[in-house]
There are 2 protein chains.
Amino acid sequence: MLGLMQHHDLMISDFLVHAARHRPRAEIVSRLAGGIHRQTWVDTARRARQLARALGRLGVRPGDRVATLAWNNHRHVELYFAISGSGAVVNTVNPRLAPDDIAYILEHAEDGVLFAEADFASLVEQVAGKLPPGLLRQVVFLCDAADLPGIALPAGVAITDYESLIDAETDEYDWPRFDERTASGLCYTSGTTGRPKGVLYTHRSTVLKAMAVNAADAIGLKAADRLMPVVPMFHVNAWSLPYAAAAAGTSLVMPGRFLDGQSLYELIEAEHVTCASGVPTVWLGVLAHIRKTGGRFSTLERMIVGGSACPEALFDAYDELGVTIVHAWGMTESSPIATVATPVPGVDAATARRQRLSQGRVLFGIDLRARRGAEEVPWDGETAGDIELRGHWVTTGYYRMPKGTTEDGWFPTGDVGMIDPDGFVILTDRSKDLIKSGGEWISSIDIENIAVSHPAVAEAAAIAAKHPKWDERPVVIVALKPGASATREELLSVYEGKVARWAVPDDVIFVDELPHGATGKLLKTELRARFANHLIEKPDGAAT
Amino acid sequence: MLGLMQHHDLMISDFLVHAARHRPRAEIVSRLAGGIHRQTWVDTARRARQLARALGRLGVRPGDRVATLAWNNHRHVELYFAISGSGAVVNTVNPRLAPDDIAYILEHAEDGVLFAEADFASLVEQVAGKLPPGLLRQVVFLCDAADLPGIALPAGVAITDYESLIDAETDEYDWPRFDERTASGLCYTSGTTGRPKGVLYTHRSTVLKAMAVNAADAIGLKAADRLMPVVPMFHVNAWSLPYAAAAAGTSLVMPGRFLDGQSLYELIEAEHVTCASGVPTVWLGVLAHIRKTGGRFSTLERMIVGGSACPEALFDAYDELGVTIVHAWGMTESSPIATVATPVPGVDAATARRQRLSQGRVLFGIDLRARRGAEEVPWDGETAGDIELRGHWVTTGYYRMPKGTTEDGWFPTGDVGMIDPDGFVILTDRSKDLIKSGGEWISSIDIENIAVSHPAVAEAAAIAAKHPKWDERPVVIVALKPGASATREELLSVYEGKVARWAVPDDVIFVDELPHGATGKLLKTELRARFANHLIEKPDGAAT
Ligand SMILES: Nc1ncnc2c1ncn2[C@@H]1O[C@H](COP(=O)(O)OP(=O)(O)OP(=O)(O)O)[C@@H](O)[C@H]1O
Ligand SMILES: Nc1ncnc2c1ncn2[C@@H]1O[C@H](COP(=O)(O)OP(=O)(O)OP(=O)(O)O)[C@@H](O)[C@H]1O
Ligand SMILES: [Mg+2]
Ligand SMILES: [Mg+2]
């Protein structure tokens, strides 16, 4: 028997309608090249309606993919809502990817229209040159007519500016309603372990995810908050924060392209930011600035940190500054937040600390398990396994690729970790980075953390090097701090007593710099390409 | 184009599975006649699985309605999850209703099985006698075999006790998955304005509602909270709190039938309650106890108050005690929470105060409007209209009755109020209680609030009395405090300067006590039946 409740499909446009109607006072503050721009959610809704009409005029039809190459600012928010809201698919593209990768994505997604910041004019020029003719038909630069960059694009690609495009439209537009499982967004993974793969979100997954994010024990936005999402809108919907902010009527403070420590700190202070979110490196930058200047936070209360493991020292440093770091974990394929490390009452201090530093517990709406082969591993906080996810905002696979879930419907995350009895996940590695030495699993992250505890080390990467006897053995590749020095033996001695004998790296390789991908993560693929045969080529184990 | 995200129907059983798997430490504490009972969500899930099997053995099939007459305790939580989770419909019945009304509901709902507290044995006996033979086939008393009450039920009605029923089962049970629009619960309205009407919730509406309730700016439960729901589980799913608590892993502290001020206060203190919820009268009782004893709250932080308007004095009294009251509004037909009064930044102090005392702003997932005739009224905080709702947890109508929404899909709440520019609802009346005097709308609530501001008045009700010239005119019916006295003229003089001249009541009627319904609300229907002709019968306006 069906119930009698109203049925409304879960629509992304409902966030915007809700914010404009019921949270009219909240604003979006954007740091642009020319200074600070402010508008309310009412303005945002009006401009998004104009944009939705403009998209229709540009020939964008339901299901069409539309690309963005943009920073966090009000126009990108308008694009999120207008593209998805009108039934098309917003394909956010990471401008830090190599032009080849960007072209690969635009071609794979078949984006006919591209919205790009004027800063990216020459990038757009390069990328457009690599695309098959006829694919891209319109580039819209996110500026007004006066700032339109003068570039040459291939024949058949029209150029216009965003403000003229929407100025030509009235704001009379009714958001269409359709099946909530309709595709709303397409985001490609970071490409840390291979070619970027496209994840195709739905209206339903996006709405459920944003509702889950607003739970008090997750990110928990309030109308009284002023949120600075440093996590880019060009990657995994900025952790759903633009949607969650619209639902709560939270004001957004958008840093644009000004992402250095000083700029972020100054914006936090000037705009009374209460809550921020981003990857650890960003907060290291802000911390360095504060340490240099002796600054303090007057309004910032909490920070959601994820994307890669948050170092213990960062928690402590921000605690001292009166700002609580909340650790979260996820991936493009899980929209991305799957777990958040919020506290459990009644545990002892050591457990509380371990749980806080962990990647967290699942939000309601997500389930997880860890397996080693066919068997699930016990939730003892000690036995590592391959972590798999299931839930309303987890993908079944990738765009234009075969299905990616297990027989029984779980998504293999590619991350390896332990689960403690309270359900907290402690990531130890990516499965591709795991070092499998004679049947033992050695965590590359553990090895790296120990290496960076040496004062001379700026950054370290542990990889599996091929080994004739053990199959794989760990080697650690380190970049020293400018002016610092350390020997192979000094570094290896740091491991004594910290890991089992068989987990101590076989060698240390010194390099000037480690390679990073477009979201700032270590590119171990490159390191493996260079050093996988290191122990075979140098069976004596001598340092390079 | 459909997206690629996983599809899982939104199922009520997922709350329980989630809590047991990912929030195992949280507990349900129940105050029973014999003392305090404690169990974790893991225990609760196990017992609910046993119960689900037992339901099958009792012949309960998907879609069947199963009634409960129960207090807030762990068994009632198990019933919520086992009945809905197995695909049947939990029909919570208010034990404070008259036996005739209870029999009406059981017959209307066609409940074949009834779970009832042992305290209600004689009530069950009375009610069973009023039912058509063959309808009710099983009564399960919520106790163990030793406490099974010895009563005589009509032939064909089996009796057993809950603990024996579930003890007979293993806990091997896989919660079925089915269409999320399937009926999950059936709750009848309070019957304040007429016969109770049945609202048929769905799994989808229940899950979405509970997710919305956990938003930081709504009720916002956390794992670190210990919640005492005083709001009864026999009415509108205790404001979704059992579900929301399972999602967050919040511990529940269940007061059972011990609802007097002293019992509640002692339980709050003994069990370190951080958050509580209930109607204003309950908190008046706790306040009276505290004032008498000079008690303090050591852990209580906040209280969600709704069900009827929360008096201004209650906000202030609890503020002084360090407990924040959050006001909420809704009805059986909206599952029930539609609005919550959480603060908006950047408003002046007077506005902030008004908004805090108001019924609040809609949660994301609900939309509202106010109309006078065909026209929407402006959101100026001054113009009252009939309030209508739309949203994921709002009903289309009533069980076995014609559709209840407007042509364009809105549910008329029967409440009248203003909406301010920030979207806050200020209720002024129920439309059936509104006094329409010569085309003007006079709020009965305003008239009552002014009457109770007189120190001699314990409670007041304003109703529309028929009037030959003005159609309707207000009269106020008052019950004085024990030992207090006041004259008609004294009371009418209180209105001077507080309302427009035409809004001053035409008469004051003194009574010993005002009539209340099963959820503690004033029964103006009864007062109108007695006093609607008061001004016609006594055209000279003399006091009774
Ligand atoms: N809090 C965290 N701690 C540790 N690792 C994290 C955390 N958050 C995210 N990660 C890592 O980031 C990954 C998700 O990143 P993303 O989806 O952007 O692409 P990627 O996995 O780096 O790239 P690709 O899948 O293309 O190789 C996770 O699978 C995990 O390895
Ligand atoms: N915060 C509040 N302030 C004022 N009134 C409230 C508040 N919360 C609830 N109410 C009143 O309670 C009503 C909902 O109550 P409920 O659904 O239990 O049944 P009822 O409306 O009293 O009974 P019936 O519909 O059978 O006449 C609302 O429509 C409103 O009139
Ligand atoms: Mg990945
Ligand atoms: Mg009602």
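Residues numbered from 1 in each chain as written. Chains lettered and ligands numbered in written order. Predicted model: local features only at pLDDT ≥ 70, side-chain atom pairs only at ≥ 80, totals over all residues. Heavy atoms only, no water.

An unreviewed UniProt entry lists chain A under the name 3-methylmercaptopropionyl-CoA ligase, from Acidiphilium cryptum. According to its UniProt record, chain A has this under Catalytic activity (unreviewed entry): "3-(methylsulfanyl)propanoate + ATP + CoA = 3-(methylsulfanyl)propanoyl-CoA + AMP + diphosphate". Looking at chain A in UniProt, the text filed under Sequence similarities (unreviewed entry) is "Belongs to the ATP-dependent AMP-binding enzyme family." (UniProt positions renumbered as here; feature names shortened; annotations may be inferred.)

S.K.: Before we move on, can you summarise the sheet that holds strand β6 (residues 138-141) of chain B with the specific residues and values?
M.R.: Residue and element names in this part refer to chain B. The strand order β7-β6-β5-β3-β4-β8-β9 describes an open sheet built from 7 strands, whose pairing is mixed. Both outer strands of the open sheet, β7 (158-161) and β9 (198-202), are each paired with one neighbouring strand and no more. Strand-to-strand twist across the sheet, computed as the mean angle between neighbouring axes with direction ignored, equals 20°. Here strand β8 (residues 183-188) pairs with β9 via 5 bridges, running antiparallel. Within β9, the residue paired with L186 across the bridge is L200. Here helix α4 (residues 99-109) sits on the sheet in contact with β3 (65-69), β4 (89-92), β5 (113-116) and β8, set at roughly 150° to β8. (Pairing = 2+ DSSP bridges. Helix = DSSP H or I, 4+ residues; strand = E, 2+ residues; numbered from the N terminus. Axes fitted to C-alpha atoms, helices over the stretch in contact; angles between N-to-C directions. Contact = heavy atoms within 4.5 Å.)

S.K.: Now, about the domain arrangement of chain A: what can you tell me, with residues and values included?
M.R.: Residues and elements named next belong to chain A. Segmenting chain A into domains produces domain 1 (13-202), domain 2 (303-430) and domain 3 (435-537). The C-alpha-based centres of domain 1 and domain 2 are spaced at 31 Å. Tallying the contact residues gives 17 residues for domain 1 and 10 residues for domain 2. Note on domain 1 versus domain 2: buried area summed over both sides is about 1100 Å², and carbon and sulfur give 60% of it. Joining domain 1 to domain 2, the criterion identifies 1 salt bridge. The partner of R400 in a salt bridge is E110, with the nearest N and O atoms 4.0 Å apart. Our count for the domain 1 to domain 2 interface comes out at 4 residue pairs in polar contact (both at pLDDT 80 or more). The set of elements that each furnish at least two residues to the side of domain 1 that touches domain 2 consists of α4 (99-109), β8 (183-188) and β9 (198-202). (Domains from an automatic or database assignment. Buried area = accessible area lost by both parts, 1.4 Å probe. Salt bridge = Lys/Arg side-chain N within 4 Å of Asp/Glu carboxyl O. Polar contact = N/O pair within 3.5 Å; in protein donor to acceptor, adjacent residues only side chain to side chain.)

S.K.: Let's hear about the relation of the copies chain B and chain A: which residues, and what values?
M.R.: Superposing chain B onto chain A takes a rotation of 180° plus a shift of 0.0 Å along the axis, which leaves an RMSD of 0.1 Å. Interpreted geometrically, this transformation is the action of a two-fold axis. Comparing interface residues between copies, 100% of those in chain B also sit at the interface in chain A, which points to an isologous, same-surface contact. (Least-squares fit on C-alpha atoms with pLDDT ≥ 70 in both.)

S.K.: Could you give an account of the pairing of β4(B), with specific residues and numbers?
M.R.: Residues and elements named next belong to chain B. Burial of the side chains of β4 extends over both faces: V89 and N91 are buried on one face and V90 and T92 on the other. Relative to β8, β4 runs parallel, the two sharing 3 bridges. Considered in β8, the bridge of N91 is made with L186. (Buried < 20%, exposed > 50% of the residue type's maximum accessible area, 1.4 Å probe, protein only.)

S.K.: Hey, could you go over the site of ligand 1 for me, with residue numbers and the actual values?
M.R.: Residue and element names in this part refer to chain A. For ligand 1, the set of nearby residues contains 23 residues, the closest of which are T189, T192, T193, T332 and K521. In this structure, Q359 approaches ligand 1 through a side-chain N or O atom, which is 2.9 Å from a nitrogen atom. Contacts to ligand 1 include K521, whose side-chain N or O atom sits 2.4 Å from an oxygen atom. Computed on the free molecule, ligand 1 has an accessible area of 630 Å², of which 94% lies beneath the protein chains in the complex. Mapped onto the shell around ligand 1, the elements with two or more residues apiece are β14 (324-330) and β21 (425-430). Here the shell around ligand 1 takes 4 residues from β14, the largest share from any one element. Considered class by class, the residues forming the shell around ligand 1 number 5 nonpolar, 13 polar and 5 charged. Counting contributing residues per domain, the shell around ligand 1 is built from domain 1 (13-202) and domain 2 (303-430), each supplying no fewer than three. (Near = heavy atom within 4 Å. Areas by Shrake-Rupley, 256 points an atom, 1.4 Å probe, with all protein chains shown as cover. Nonpolar A, V, L, I, M, F, W, Y, C, P; charged D, E, K, R; others polar.)

S.K.: So, the sheet that holds strand β18 (residues 375-376) of chain A: which residues are in play, and what are the values?
M.R.: The strand order β18-β17-β19-β20-β21 (chain A) describes an open sheet built from 5 strands, whose pairing is antiparallel. Of all strands in the sheet, those with a lone pairing partner are β18 and β21 of chain A, marking the two edges. As paired elements, strand β20 (residues 411-419) of chain A and β21(A) share 5 bridges and run antiparallel to each other. If you follow A:M418 over to β21(A), its bridge partner there is A:I426. Together, β17 (366-372) and β18 of chain A form the strand contacts of helix α1 (residues 13-22) of chain B, whose direction differs from that of β17(A) by roughly 50°.

S.K.: Please give an account of the site of ligand 2 that cites residues and values.
M.R.: Residue and element names in this part refer to chain B. The immediate surroundings of ligand 2 are formed by 23 residues, with T189, T192, T193, T332 and K521 found nearest. Contact between ligand 2 and A309: a nitrogen atom at 3.1 Å from a main-chain N or O atom of the residue. Here a nitrogen atom of ligand 2 sits 2.8 Å away from a polar atom, N or O, in the main chain of A328. Contact with the protein chains hides 94% of the accessible area of ligand 2, taken as 620 Å² for the molecule alone. Elements that contribute at least two residues to the shell around ligand 2 include exactly β14 (324-330) and β21 (425-430). If one sorts the elements of the shell around ligand 2 by residue count, β14 sits on top with 4 residues. Across the shell around ligand 2, the residue classes tally to 5 nonpolar, 13 polar and 5 charged.

S.K.: Tell me what's going on with the environment of A:L514, and back it up with residues and numbers.
M.R.: All names here are of chain A. Of note, L514 is situated in the loop between β26 (507-511) and α16 (524-531). Sequence spacing of L514 and E526 is 12 residues, and the spatial spacing of their C-alpha atoms is 9.4 Å. If we ignore the near neighbours within four places in the chain, the residues touching L514 are E459, A460, A461, I477, L522 and L527.

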